[in-house]
2 protein chains.
Amino acid sequence: MRPPAFGLAFRPSTRIASSRVILRCPSHVPRRYVSSQKPQQPYRSVAQLLQWKPQEEIEDVVVNGFVRSVRGLKAHRFVSLGDGSSLAPLQAVVETDRAEGLAVGAAVRLTGSWVSSPGAAQSHELHVKKVDILGPSDAKTFPLQKKYQTPEYLRTMPHLRPRTPMNAVLLRLRSDAIASLTQFFANQSFVQTHPPIITSSDCEGAGEVFTVTPAAAGEPGKDGPEDFFRSQKYLTVSTQLHLEALAQSVGNVWTLSPVFRAEQSDTSRHLSEFYMLEAEMSFVDSLGPVMDLAENMLRHLSTDLYKSATVGDLLARSRHSGSDLLPAGEVARRWEGLAERDWPRITYTEAIKLLQQKADTFKHKPTWGVGLQSEHEKYIADVVGEGRKPVFVTNYPKDIKAFYMLPTQIPGSGSEGSSSEATVDCFDLLVPDLCEIAGGSMREYRLDPLLDIMKRQGIIKSTSDPDSENGSGSGLDWYVELRRWGCPPHGGFGLGFDRLLSYLSGVQTVRDIVSFPRWYRRCDC
Amino acid sequence: MRPPAFGLAFRPSTRIASSRVILRCPSHVPRRYVSSQKPQQPYRSVAQLLQWKPQEEIEDVVVNGFVRSVRGLKAHRFVSLGDGSSLAPLQAVVETDRAEGLAVGAAVRLTGSWVSSPGAAQSHELHVKKVDILGPSDAKTFPLQKKYQTPEYLRTMPHLRPRTPMNAVLLRLRSDAIASLTQFFANQSFVQTHPPIITSSDCEGAGEVFTVTPAAAGEPGKDGPEDFFRSQKYLTVSTQLHLEALAQSVGNVWTLSPVFRAEQSDTSRHLSEFYMLEAEMSFVDSLGPVMDLAENMLRHLSTDLYKSATVGDLLARSRHSGSDLLPAGEVARRWEGLAERDWPRITYTEAIKLLQQKADTFKHKPTWGVGLQSEHEKYIADVVGEGRKPVFVTNYPKDIKAFYMLPTQIPGSGSEGSSSEATVDCFDLLVPDLCEIAGGSMREYRLDPLLDIMKRQGIIKSTSDPDSENGSGSGLDWYVELRRWGCPPHGGFGLGFDRLLSYLSGVQTVRDIVSFPRWYRRCDC
């Protein structure tokens, strides 16, 4: 019996394109330009095969993958084969005289019969008739043996680390999350954009930026390294400012873009290069819809993926996987928390009052006007979010937030809160354990107040000359100019994408969520 | 009559989240943390309104947007309003005594009745009862007047340029294309990945790379600028090498990632920063399936988007838009060409023979062993592709292609073509006018041949020591090591995403397809 048609290689369009090319060409052109190669043999992924439980034996089944382990010494070898499509491997039975080259790590193609298995581990197994060793492996030196290896050890070889079964699941989680978020924003008519990576300014003013210079010198005797772009340029730390410009074109925009910080920090939460999901909404009158967007987006992601094969694999993790992975039950609680409705929203001022009721339990005294410490954020997430739901903390003091945030308007008073208790329309989104996962704000959209705060913070020297072309300015003249002609109220947020994946997977450090992580003193491969 | 529920702001989840938050909290936590702000007033996009043709008058319609023009001087003003959702503006009629502040460029909210229009330009118009000026504009100084402006002029202000109607269409085209491609690859179980941007090596060996250094100095007396990552690092020129590593984990992978080239070229096809779509397939035996993937992907994109509102707007471009835009008919032909089946596949050797038949018409003599010139590629695209279909040109000479490409195997001969006529399993994908839009190859997946070619090309000094940690090597030791344990045959391609959008839109230079373009001596905003 022939297997039924399913999977990539059975797609008719794929096969037709490579087997049949008929042209109407001018007579001096040969009539058929066909790749001489035969169409590829159809094959199934391990995940597809594990789902396939026919009652009869199915012949001529072909599967590609990597040998994870080989057991048995007499007449038969039992081979565990993985291809990254599922956490569970496929079991293949190979007669010993056909088993040459079936070493751990090898890339192989197995052809055989798919039959119900006498063993309990899986319903079916592959009885192998033909073994093709496509990429041999020296099992003795292969660094990824089938045993528990510490995250620190795996981190020394990021080029091989993706081959571990759990890292393949994490790659699929990232991919599924991108696709789900792309769908979410498309459904809402948000425009996905590509803001620039090389920029003229440091958005947050923090100064911990990377500079960009060409490796080769410019024109001899003329160009210094900074002359390629005529002045010093940096890797973006946030795409927000450029997103604001694009939001004045098409209304609501978003991006999933790499950003860079040259911080010398060595923590489980920080990387020098990471992906940020940033969204900007135009014509919004208040912070509410911006928080709604962040909440709806994460709820969509959670409900969309929670029942997927990928998250199933994520939760089916080995119980013997060491301290680098959170227990599956706690990971499930995180997914379910994001799926819940009505996330609490609490002002910074309310948060400080709550914290002060428990002041003696904290190392750092909760004080209005000072940023929340991790221990404070953890308490808020645990108590207000009941350890499940994310919590929005809003309206932080103006003096501890970025210059572009819109001051909180006191309704009816005409006041912008110029007193020492003035706040801005912003939020931090806190989740249990990991704390801040996203932050957003309404933006100062009025020209004169923006110039005033930039001058007060020393970002520009004069409100009449925010220009930067001489290198002495902020590089933000264009950002100011967005306010000169038709700047509506707008706001948005940024979410650390790798940090989110780390939260959703229970991987304890962002270094193990990113395939090739870069941080202070580490940039392997 | 109230308008029917449609559009973003009517989504129940959005409204509930901002209006109703009920918590079960510990008793010392206030029971309700609710944003004090009212839910935002529902509004419609201009595109939605232009599609909405009710027979009765509809009251209380709210629309946000930017004033594109104001006409009429007596009792009424006729306002063209755009919000980026459509190329066509909405016509609003405002009594003159309500029209204060309705200047070109202003961001406004208009509330009124949606009624059928006596004019021919559109079926309905908005009779405005209330005008809110959300972001005022000084029309006299507004740089984007409603008249034709040259691309060169618009390029001097990338922060404002997105506000022109055509640039909003281009932003939507990019977004629609990303969403469509994401869906295509998800359907095929390709895993979307985020390969690193900061890398240790120059993939193509061309040397035109940017280096990355922290702006701030490191530890005093200890760190030089290169010490942040312990050695010189670069911005990636292609993610291919890292994709190959990831393909050994999950089989088939893709990415849409920014890449960087420090070329001092000043052409309509080159940028210093641009997006590349790269895909890598594992366990493929020949180039055919790789070309199938590229062909199926572009055909999906074309058939998916051709009937969309965005492409409709693209083709509805003004006939008076200057030489910077290709005529709509020619753009339509490009979309239709991509939608056709069975794209021609021709070897480089066949191409040279064809070209030599017309040798006297070319400035550069077509010669085997030398790269194809633009005039040659144009001829191939015109004749073989009949000026419509893209053409794959395959199997270029080994000596003019990158080290990682797999030599063409001559079936049955055991030869890899070590003679001077040796070729590699690669392709360039040529489209009319623009020529090369994508390139791909099978990769050298065998350890020893890879080491040999790297040594021959001077990339490594010794086949036994490809290590790079001392800075004298290639930085590619990890890439070589992928071949040590289980490297199956694999191949992939890269496609210049901005160049593709330029082709699909008929915008004559990639500088006008990217919102904030960066090229030699230009990096504005």
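Look a little higher up for the structure.
Residues numbered from 1 in each chain as written. Chains lettered and ligands numbered in written order. Predicted model: local features only at pLDDT ≥ 70, side-chain atom pairs only at ≥ 80, totals over all residues. Heavy atoms only, no water.

Here we come to the overall build of chain A. Each helix and strand counted, chain A has 13 helices and 18 strands in total. Evaluated residue by residue, chain A yields a buried proportion of 61% over its 525 residues. For chain A, restricting intrachain contacts to residue pairs at least 6 apart in sequence, the fraction spanning at least 24 positions comes to 67%. (Helix = DSSP H or I, 4+ residues; strand = E, 2+ residues; numbered from the N terminus. Buried < 20%, exposed > 50% of the residue type's maximum accessible area, 1.4 Å probe, protein only. Contact = heavy atoms within 4.5 Å.)

This part takes up the interface of chain B and chain A. With 152 residues of chain B at the interface, the matching set in chain A holds 152 residues. Interface area, chain B with chain A, both sides summed: about 12,200 Å², of which 58% is carbon and sulfur. On the chain B side of the contact with chain A, B:His194, B:Phe283 and B:Trp485 bury the most area, a combined 7% of that side's loss. Taken together, the connections running from chain B to chain A amount to 2 salt bridges. Here A:Asp285 and B:Arg109 are joined by a salt bridge, their closest N and O atoms 3.0 Å apart. The interface formed by chain B and chain A includes 44 residue pairs in polar contact (both at pLDDT 80 or more). In terms of residue count, the dominant contributor to the side of chain B that touches chain A is helix 4 (residues 165-187) of chain B (9 residues). A breakdown of the residues in the side of chain B that touches chain A according to their chemical character gives 75 nonpolar, 43 polar and 34 charged. Strand direction decides the pairing type here: strand 8 (residues 210-214) of chain A and strand 8 (residues 210-214) of chain B, joined by 5 bridges, are antiparallel. Each bridged residue has a counterpart across the sheet, and for A:Thr213 the counterpart in strand 8 of chain B is B:Thr211. (Buried area = accessible area lost by both parts, 1.4 Å probe. Salt bridge = Lys/Arg side-chain N within 4 Å of Asp/Glu carboxyl O. Polar contact = N/O pair within 3.5 Å; in protein donor to acceptor, adjacent residues only side chain to side chain. Nonpolar A, V, L, I, M, F, W, Y, C, P; charged D, E, K, R; others polar. Pairing = 2+ DSSP bridges.)

With that settled, consider the packing of helix 4 (residues 165-187) of chain A against helix 5 (residues 240-250) of chain B. Packing of helix 4 of chain A against helix 5 of chain B leaves a shortest axis separation of 9 Å and a crossing angle of 110°. The angle between helix 4 of chain A and helix 5 of chain B falls in the class roughly perpendicular. Residue-level inspection shows A:Ala168, A:Leu171 and A:Arg172 of helix 4 of chain A in contact with helix 5 of chain B, the latter providing B:Leu246, B:Ser249 and B:Val250. Along the lines of polarity and charge, the residues of the contact of helix 4 of chain A with helix 5 of chain B split into 4 nonpolar, 1 polar and 1 charged. (Axes fitted to C-alpha atoms, helices over the stretch in contact; angles between N-to-C directions. Parallel < 35°, antiparallel > 145°, perpendicular 65-115°, else oblique.)

Turning next to the packing of aromatic side chains. Each aromatic ring pair is summarised here by two numbers: the centre-to-centre distance and the angle between the ring planes. Taken as a whole and judged by the stated rule, the model has 38 aromatic pairs over all chains. For the pair A:Phe210 and B:Phe229, a centre-to-centre distance of 5.7 Å together with 15° between the ring planes defines the contact as stacked. Pair noted here: A:Phe210 is in strand 8 and B:Phe229 is in the loop between strand 8 and strand 9 (233-235), and the two residues belong to different chains. For the residue pair A:Phe210 and B:Phe229, the accessibility class agrees, reading buried in each case. Between B:Phe403 and B:Tyr479, the aromatic rings sit 6.2 Å apart at their centres with planes inclined by 80°, giving edge-to-face as the arrangement. With B:Phe403 in the loop between strand 13 (391-394) and strand 14 (426-431) and B:Tyr479 in helix 12 (residues 477-481), this pair connects stretches of sequence that are 76 residues apart. By relative accessible area, which is 5% here, B:Phe403 ends up buried. One aromatic cluster is present, formed by A:Phe403, A:Tyr404, A:Trp478, A:Tyr479 and B:Phe516 through successive ring pairs. The residue whose ring lies beneath A:Lys401 is A:Tyr396, and the NZ or CZ to ring-centre distance is 4.5 Å. (Phe/Tyr/Trp six-rings, centres within 6.5 Å; stacked < 30°, edge-to-face > 60°. Lys NZ or Arg CZ within 6 Å of the ring centre and 35° of its normal.)

Time to look at the sheet that holds strand 9 of chain B. Strand order in the open sheet formed by 6 strands is 7(A)-9(A)-8(A)-8(B)-9(B)-7(B), and the pairing between neighbours is antiparallel. Across the chains shown, the open sheet's two edge strands, defined by having one partner strand only, are strand 7 (198-199) of chain A together with strand 7 (198-199) of chain B. Across 2 bridges, strand 8 of chain A lies against strand 9 (residues 233-235) of chain A in antiparallel orientation. Looking across to strand 9 of chain A, one finds that A:Thr211 is bridged to A:Tyr234.

Below, the discussion takes up the nonpolar core. One recurring pattern in soluble globular proteins: nonpolar side chains tend to sit buried together. If you look at the biggest cluster of nonpolar residues, it comprises 148 residues, and the most contacted ones within it are A:Phe493 and B:Phe493. What B:Phe493 contacts, discounting residues up to four positions off in sequence, is B:Leu277, B:Glu278, B:Ala279, B:Val290, B:Leu293, B:Ala294, B:Met297, B:Phe427, B:Gly439, B:Gly440 and B:Arg443. (Core = buried A, V, L, I, M, F, W, Y, C linked by side-chain atoms within 4.5 Å.)

Residues and elements named next belong to chain A. Following both chains from N to C, one finds helix 8 (residues 328-339) and helix 13 (residues 497-505) inclined at 120°, their axes separated by 7 Å at the closest point. Our classification of the angle between helix 8 and helix 13 gives oblique. Contacts from Val331, Arg334, Trp335 and Leu338 of helix 8 reach helix 13 at Ser502, Tyr503, Leu504 and Ser505. Taken together, the residues of the contact of helix 8 with helix 13 break down into 5 nonpolar, 2 polar and 1 charged.

Moving on, we get to the pairing of strand 8 of chain B. Within strand 8 of chain B, 5 of the 5 residues are buried, which leaves the element mostly enclosed by the surrounding structure. Neither face of strand 8 of chain B is left uncovered, since the one carrying B:Phe210, B:Val212 and B:Pro214 and the one carrying B:Thr211 and B:Thr213 both have all their residues buried.

The next subject is the pattern of salt bridges. Residue and element names in this part refer to chain A. Evaluation of the coordinates by the stated rule reveals 38 salt bridges over all chains. Glutamate 295 serves as the salt-bridge partner of arginine 299, at 2.5 Å between the closest nitrogen and oxygen. Note that arginine 299 and glutamate 295 are positioned in helix 6 (residues 287-305) at a spacing of 4 residues, about one turn of the helix. Taking the relative accessible area as the measure of exposure, arginine 299 reaches 7% and is therefore buried. Between arginine 388 and glutamate 386 there is a salt bridge, with its nearest N and O atoms 4.0 Å apart.

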